[in-house]
Amino acid sequence: MNQVRDYVKKKRQIIFRRENYMDNEERMRKLLQAMYKPVIVSSEFKEKLLTSLMDQLGSQAQKPATPLWKNRWVWVPVAVIIILAIIGSAIWLLRPEPPPSIISPEVPSEETPITPEESVPPEGPVQMANFRLLISDEANAIENFESLEVTISGAGLLPAAEENEEEPEWIILELEEEDWCTVDLKDLMDENAQEIWSGHVEPGKYTKVFIYIESITWTLEGGGDAEVKLPGNKLQISSPFTIGTDYEVNFVFDVTVVEAGGSGQYIIKPQLAQSGPDKPFKLVPPEKQSKNK
Amino acid sequence: MEKPDSTPQAQEAELIARIHQGEKEALQQLYQSYFDRLYSLVFRQVGRKKEVAEDITQETFVEMLKSIGKFRGKSRFYTWLCSIAYHRIADFYRHQERQDRMGIRPLDIRILENNYRTPEKSDGPGIDESKYAQDALEQALLRLPPNYRHVLIYKYVEEMSVREISQIMQRSTKSVEGLLARSREVLRKIIDESGEGLR
């Protein structure tokens, strides 16, 4: 029996290879079609299926059109709108308090520098603006520039750690993209300063301040190439200060641009000596600054 | 005056529109046109299992009737019907694979029968050699992975174009061409293997 089986198997393969069926698509097609002849199905099954299909068609035709509100796909956009509305309301309710708009101190004239004592606002509501961050520029290599614009996209304060307490978290003073502040450092030399952020922060002791620099653009005096770099995407200074409840602290963040060894490379860095809460400054309003440009 | 379109596609489109309106005669006509062909195809694709072929054919026609409104005429009606059947066949093989993994599927009697079957005409003068070749091919086809077998059947038995096969199998035409080439290669390997079908 085994011999017969082996013989048949061998015979199949020999014939298949000899006739080269695999390399001849036409032969393969004919062979497959001969092998897979149409199958005759029982007429009983065929009829039964047709009858059930006819019944199905009849019931489908009788079914009244589904009202629109019963179509589940109609509810998908409705559900999406409801969910978005809920999320939107939650975000609106949980949003951080915006800086009170009532604080808009009078812009002093350029001729009369103000001191922090002069900038104390009148008493007002509890959540009054008690902190103002300003940016100024210490003249160094700024003379080499026709303009040097930096865009500030945010700032942060580090609260002082209480005794036996862990390092506290930074308080981020976020700026919406439309509130990002672009200043030309050329206009902020000496005591000139421009406001970056104003609002209410938790009263207390703070040790560090940083500002995020989003971008820098510059033009050299008389043209030419230069490279202006930042040590990172933010500038940070350590300067302990206190924010109270009933007066506004004007913190001047002074930056400077220095040339790295006459290489044509410039670095913007914080100027600690000129930065702090008690530095005199002359406020340059954005309008004034744009006029200067 | 414009001559009415009498191409098979136009006739099909008309039948479909009539079925959509609930006309039973149109359904009967369409059913008679495609039932035998579809059943034969499914029967081959599922390894000649009669009950399975009947179930899949029935499910295919029921599904066809349910979703006939979705047929947009972008392919031939038969291609669309085949694509419904193809998903059912794929489900069948997935189910079989699960059973194989769990070790609960009974031994495939059909394959065993085929492997031990001898050609109708035994050795002797006037031997029908194509019967032997046919037998060798059938043994090899049964050992192909389902997708390889499907694509060969669509191509050589159903004589479908690569584009039609791509519509059925929901693959790109490039992928179908690749699948066809691999199927032929694997088929050749299986046939070339010694001890084919008797292990």
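Above this note sits the structure.
The rules behind these values
- Residues numbered from 1 in each chain as written.
- Chains lettered and ligands numbered in written order.
- Predicted model: local features only at pLDDT ≥ 70, side-chain atom pairs only at ≥ 80, totals over all residues.
- Heavy atoms only, no water.
- Helix = DSSP H or I, 4+ residues; strand = E, 2+ residues; numbered from the N terminus.
- Buried < 20%, exposed > 50% of the residue type's maximum accessible area, 1.4 Å probe, protein only.
- Contact = heavy atoms within 4.5 Å.
- Areas by Shrake-Rupley, 256 points an atom, 1.4 Å probe, with all protein chains shown as cover.
- Pairing = 2+ DSSP bridges.
- Patch = residues over 30% accessible without salt bridge, like charges linked within 9 Å, V, L, I, M, F, W, Y side chains within 5 Å.
- Salt bridge = Lys/Arg side-chain N within 4 Å of Asp/Glu carboxyl O.
- Lys, Arg positive; Asp, Glu negative; His and termini not counted.
- Charge placed at Lys NZ, Arg CZ, Asp CG, Glu CD.
- Core = buried A, V, L, I, M, F, W, Y, C linked by side-chain atoms within 4.5 Å.
- Expected span 1.5 Å × (residues − 1).
- Axes fitted to C-alpha atoms, helices over the stretch in contact; angles between N-to-C directions.
- Parallel < 35°, antiparallel > 145°, perpendicular 65-115°, else oblique.
- Left-handed = near helix turned anticlockwise from the far one by under 90°.
- Nonpolar A, V, L, I, M, F, W, Y, C, P; charged D, E, K, R; others polar.
- Phe/Tyr/Trp six-rings, centres within 6.5 Å; stacked < 30°, edge-to-face > 60°.
- Lys NZ or Arg CZ within 6 Å of the ring centre and 35° of its normal.

> Break down the overall build of chain A for me, citing the residues and quoting the values.
Within chain A, the secondary structure is distributed over five helices and eleven strands. Taking all 293 residues of chain A together, the buried fraction comes to 38%. Considering only residue pairs separated by 6 or more positions, chain A has 77% of its internal contacts joining residues 24 or more positions apart. Here chain A has roughly 17600 Å² of accessible surface; of this, 53% comes from carbon and sulfur atoms.

> Tell me about the pairing of strand 1 (residues 131-138) of chain A, residues and numbers included.
Residue and element names in this part refer to chain A. The buried fraction of strand 1 amounts to seven of the eight residues, a majority that puts the element mostly inside the structure. Bridge analysis of strand 1 against strand 5 (residues 192-199) gives six bridges, and the strand direction is antiparallel. Following the sheet pairing, L134 is matched in strand 5 by E195.

> Residues and numbers for the sheet that holds strand 7 (residues 227-229) of chain A, please.
On the basis of which strands lie adjacent, the open sheet formed by six strands has the order 7-10-9-1-5-11 (chain A) and mixed pairing. Two strands bound the open sheet, and with one partner strand each, they are strand 7 and strand 11 (282-283) of chain A.

> Describe the side chain of T256 of chain A, with residues and values.
Residue and element names in this part refer to chain A. Inspection of the secondary structure puts T256 in strand 9 (residues 249-259). Under the relative-accessibility criterion, T256 is labelled buried at 0%. Not counting residues up to four positions away in its chain, the partners in contact with T256 are D137, E138, A139, N140, I267, I268, K269 and Q271.

> Please set out the side chain of N192 of chain A residue by residue, giving values where relevant.
Residues and elements named next belong to chain A. Following the sequence through the fold, N192 ends up in strand 5. On the basis of relative accessible area, N192 is assigned to the buried category, the value being 15%. Ignoring sequence-local partners within four residues, the contact set of N192 consists of I135, S136, D137, D187, K282 and V284.

> I'd love a proper account of a negative patch on the surface, names of residues and values included.
Together, E174, E176, E177, E178, D179 and E214 of chain A line one region of the surface with negative charge. Note on placement: E178 of chain A falls in the loop between strand 3 (171-174) and strand 4 (181-184).

> Provide a residue-level description of the nonpolar core, including the pertinent values.
If you look at the biggest cluster of nonpolar residues, it comprises 70 residues, and the most contacted ones within it are L32 of chain A together with F61, M64, F77, L141, L152 and L187 of chain B. The contacts of L32 of chain A, once residues within four sequence positions are left out, are L137, L141, L152, Y156 and V157 of chain B. Formed by 41 residues, the second largest nonpolar core is a distinct cluster that contains I135, L157, I237 and F251 of chain A.

> Kindly report on unusual backbone geometry, identifying the contributing residues and their values.
Residue and element names in this part refer to chain B. In this structure, E159 is a non-glycine residue whose phi angle is positive, near 55°. By the secondary structure assignment, E159 is in the loop between helix 7 (146-157) and helix 8 (162-169). Residue classification places E159 among the partly exposed residues on the basis of a relative accessible area of 49%.

> Mind laying out the pattern of salt bridges, listing which residues take part and the relevant values?
Applying the stated criterion across every chain, the model contains 15 salt bridges over all chains. The shortest N-O distance in the salt bridge between E195 of chain A and R132 of chain A comes to 3.2 Å. Placement of the pair is E195 of chain A in strand 5 and R132 of chain A in strand 1, with a sequence separation of 63 residues. Accessibility expressed as a relative area gives 30% for E195 of chain A, which makes it partly exposed. Relative accessible area serves as the criterion here: at 3%, R132 of chain A is assigned to the buried category. Across the salt bridge formed by R44 of chain B and E158 of chain B, the nearest N and O atoms sit 3.3 Å from each other. One end of the pair, R44 of chain B, is in helix 2 (residues 24-45); the other, E158 of chain B, is in the loop between helix 7 and helix 8, with 114 residues separating them in the sequence. Accessibility assignment for this pair places R44 of chain B and E158 of chain B in one class, buried.

> Tell me what's going on with helix 3 (residues 50-66) of chain B, and back it up with residues and numbers.
For helix 3 of chain B, with 17 residues, the first-to-last C-alpha span of 24 Å sits near the 24 Å given by 1.5 Å per residue. For helix 3 of chain B, the complete set of buried residues consists of V52, A53, E54, I56, T57, T60, F61, M64 and L65 of chain B.

> Describe the packing of helix 1 (residues 8-20) of chain B against helix 2 of chain B, with residues and values.
All names here are of chain B. Interaxial distance between helix 1 and helix 2 falls to 8 Å at its minimum, and their mutual angle equals 135°. For the element pair helix 1 / helix 2, the angle class is oblique. Crossing angle aside, the handedness with which helix 1 passes helix 2 is left-handed. Contacts from E12, L15, R18 and I19 of helix 1 reach helix 2 at E25, A26, L27, Q29, L30 and Y34. Grouping the constituent residues of the contact of helix 1 with helix 2 by class yields six nonpolar, one polar and three charged.

> Give me a nonpolar patch on the surface: which residues, what numbers.
All names here are of chain A. Together, W73, V76, V80, I83, L84, I87 and I91 make up a nonpolar patch on the protein surface, roughly 720 Å² of accessible area in all. Take W73: it is sitting in helix 4 (residues 72-94). A relative accessible area of 59% places W73 in the exposed class.

> Residues and numbers for the packing of helix 8 of chain B against helix 9 (residues 173-192) of chain B, please.
Residues and elements named next belong to chain B. Put simply, helix 8 and helix 9 touch, their axes get as near as 9 Å, and they point 100° apart. Considering their axes alone, helix 8 and helix 9 lie roughly perpendicular with respect to each other. Note on element contacts: helix 9 touches helix 8 through T173, V176, E177, L179 and L180, opposite V162, R163, I165, S166 and M169. Residues of the contact of helix 8 with helix 9, tallied by class, amount to six nonpolar, two polar and two charged.

> Got a sec to walk through the environment of I89 of chain B? Specific residues and values, please.
All names here are of chain B. Examined against the element boundaries, I89 turns out to sit in helix 4 (residues 77-102). Note: C-alpha distance between I89 and T57 (32 residues apart in sequence) is 9.7 Å. Filtering out sequence-adjacent residues up to four positions away, I89 remains in contact with V42, Q45, V46, I56 and H150.

> Got a sec to walk through the packing of aromatic side chains? Specific residues and values, please.
Within the structure shown, the criterion is met by 21 aromatic pairs over all chains. Measuring from centroid to centroid gives 4.8 Å for F210 of chain A and Y212 of chain A, while their planes differ by 70°, and the two rings are edge-to-face. On the basis of relative accessibility, which here comes to 1%, the residue F210 of chain A falls in the buried class. Here Y212 of chain A falls in the partly exposed class, since its relative accessible area comes to 29%. Through a chain of ring-to-ring contacts, three or more aromatic side chains come together here, namely F45 of chain A together with Y31, F35, Y39, F43 and F61 of chain B. The aromatic ring of W170 of chain A is capped on one face by K234 of chain A, whose charged end is 5.7 Å from the ring centroid. In this arrangement the basic side chain of R37 of chain B is found over the ring face of Y78 of chain B, its NZ or CZ atom lying 3.9 Å from the centre.

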